[in-house]
Amino acid sequence: MTRFGIVGGGLMGHGIAVALAVAGHHVVVYDADCATLASLDERVVRALGRCEMPPDDAGPVAARITAARTLSDMVVGVDAVLEAVPERLDVKQRVLEALEAIIPAMLPVWSNTSVLSLTEVAKGMRHPQRLVGVHWWNPPYVIPLVEVAPGAETDRRFVREACELLNGMGKTTVRLHRDVPGFIGNRLQFALVREALHLLEQEVCDPVTIDTVMRASLGLRWSAVGPMENADFIGLDLTRSILESLAPHLSSAVTFPALEKPLDAGHRGRASGGGLLTWPPGRGEEVARRLENGIRRNLVEP
Ligand SMILES: NC(=O)c1ccc[n+]([C@@H]2O[C@H](COP(=O)([O-])OP(=O)(O)OC[C@H]3O[C@@H](n4cnc5c(N)ncnc54)[C@H](O)[C@@H]3O)[C@@H](O)[C@H]2O)c1
């Protein structure tokens, strides 16, 4: 059993705390925002409810997650720390600097960055060899995958130990050979999002149609057979000839008018009530439920 400190108790921080606590670990969470910290217990209980854990089991799990009022309180007695603060290089670097001032030299430090370079995140660290990219997927207590990657200076021992711990709690870990922004999953995901926006910009279809295509075809296929296995399955010669025909037509854009237009009009998506789609009251909760239930239904052996 291990004791973790988590800096940042927002969406991912509290979800990762739940995943760790379900596996028997103790977790201390610190957040700079008092209201976020105050709502930690309630959010943990809600997450455990969504795990459909019987109350007799959920109680002890929730009791393993506690809130710390300061960063110094959070690090007392921990075996590893994880940062889940916002995806901004300056914020992460400042947090790591503050952490390193109060933790032992060789304590493992995990970063939940999604798309920042770990090597950049580690710049300014006194002991960059202990920083490991440990990228969870939301909800972390449901999605099996955790991507684990080194920065340029990371000691592979820390990478190995992170994988062992995560595998021991039933996670599916993949280990990247080197640091690339976006790990593997977000690179694949956002290559697809870029192409979807391109189709909107080319007036090929509307956003609802894109989601229908994904949910009724690729979303189903890829939960059973990954794109590499599928390339072999259909044949590499066919895969090559499809790509040779299609690749010149695919987007390589680095600006995204299909996003700029709604954003300029103040439409940020769910939070503002409108974005690519409309978000009447209640739709956000319905989507959150559908997301978790759908993922659970699709869970397959790796
Ligand atoms: N949202 C996702 O689906 C997802 C998935 C995987 C990884 N991530 C990554 O996880 C990290 C956190 O994302 P999130 O979605 O949980 O964001 P979030 O905004 O929900 O949570 C971040 C929390 O950090 C707190 N915070 C900010 N500065 C702080 C500081 N100096 N010290 C302590 N706490 C501080 C904020 O108050 C907030 O509660 C990001 O790096 C993000 O890219 C997000």
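Conventions used here
- Residues numbered from 1 in each chain as written.
- Predicted model: local features only at pLDDT ≥ 70, side-chain atom pairs only at ≥ 80, totals over all residues.
- Heavy atoms only, no water.
- Domains from an automatic or database assignment.
- Contact = heavy atoms within 4.5 Å.
- Buried area = accessible area lost by both parts, 1.4 Å probe.
- Salt bridge = Lys/Arg side-chain N within 4 Å of Asp/Glu carboxyl O.
- Polar contact = N/O pair within 3.5 Å; in protein donor to acceptor, adjacent residues only side chain to side chain.
- Nonpolar A, V, L, I, M, F, W, Y, C, P; charged D, E, K, R; others polar.
- Pairing = 2+ DSSP bridges.
- Helix = DSSP H or I, 4+ residues; strand = E, 2+ residues; numbered from the N terminus.
- Axes fitted to C-alpha atoms, helices over the stretch in contact; angles between N-to-C directions.
- Buried < 20%, exposed > 50% of the residue type's maximum accessible area, 1.4 Å probe, protein only.
- Right-handed = clockwise from strand over helix to strand, strands pointing away.
- Expected span 1.5 Å × (residues − 1).

Structural notes on the domain arrangement of the protein chain
Item 1. Its domain assignment divides the protein chain into domain 1 (3–175) and domain 2 (185–298).
Item 2. With 11 residues of domain 1 in contact, the opposing surface of domain 2 contributes 6 residues.
Item 3. Of the roughly 770 Å² buried where domain 1 meets domain 2, counting both sides, 57% is carbon and sulfur surface.
Item 4. Across the domain 1-domain 2 interface, the total number found is 1 salt bridge.
Item 5. Of the charged contacts in the structure, one is a salt bridge between E292 and R50, with a shortest N-O distance of 2.9 Å.
Item 6. Summed over the shared surface of domain 1 and domain 2, the number is 4 residue pairs in polar contact (both at pLDDT 80 or more).
Item 7. In terms of residue class, the side of domain 1 that touches domain 2 is made up of 7 nonpolar, 2 polar and 2 charged.

Brief notes about the sheet that holds strand β3 (residues 65–68)
Two strands in a sheet stick together by hydrogen bonds in their backbones, pointing the same way (parallel) or opposite ways (antiparallel).
Item 1. What the 8 strands build is an open sheet, ordered β3-β2-β1-β4-β5-β6-β7-β8; its pairing is mixed. Looking at which strands have only one partner, the edges of the open sheet turn out to be β3 and β8 (172–175). Each adjacent strand pair in this sheet contributes to an overall mean axis angle of 25°, direction not counted.
Item 2. Two strands pair when backbone bridges link them, and strand β4 (residues 80–83) and strand β5 (residues 109–111) are joined in this way by 3 bridges, in the parallel orientation. Within β5, the residue paired with E83 across the bridge is S111.
Item 3. Packed onto the sheet, helix α1 (residues 11–22) meets β1 (3–7), β2 (26–30), β3, β4 and β6 (131–136) and runs at close to 170° relative to β1.

Quick notes on the pairing of β1
Item 1. When you tally the buried positions in β1, you get 4 out of 5 residues, the bulk of the element.
Item 2. Handedness of the β-α-β unit built from β1, α1 and β2 comes out right-handed.
Item 3. Pairing of β1 with β4, which is carried by 4 bridges, proceeds in the parallel orientation. In the sheet register, V7 faces β4, and the bridge partner there is E83.

With respect to helix α8 (residues 156–168)
Given 3.6 residues per helical turn, the α-helix brings residues three or four places apart onto the same face.
Item 1. Helix length check: α8 (13 residues) gives 18 Å between terminal C-alpha atoms against 18 Å at 1.5 Å per residue, within 8%.
Item 2. Buried residues along α8 sit against β5, β6, β7 (145–150) and β8.
Item 3. Here α8 starts with a cap whose side-chain oxygen sits 2.8 Å from the backbone nitrogen of R157, and that cap is D155.
Item 4. Note on α8: the residue one or two positions beyond its end, G170, has a positive phi of about 90°.

With respect to the environment of R69
Item 1. In this structure, R69 sits in the loop between β3 and α5 (71–74).
Item 2. For R69, a relative accessible area of 74% gives the class exposed.
Item 3. Separated by 40 residues in sequence, R69 and V29 place their C-alpha atoms 8.7 Å apart.
Item 4. Apart from the residues lying within four places of it in its own chain, the contact partners of R69 are Y30 and L37.

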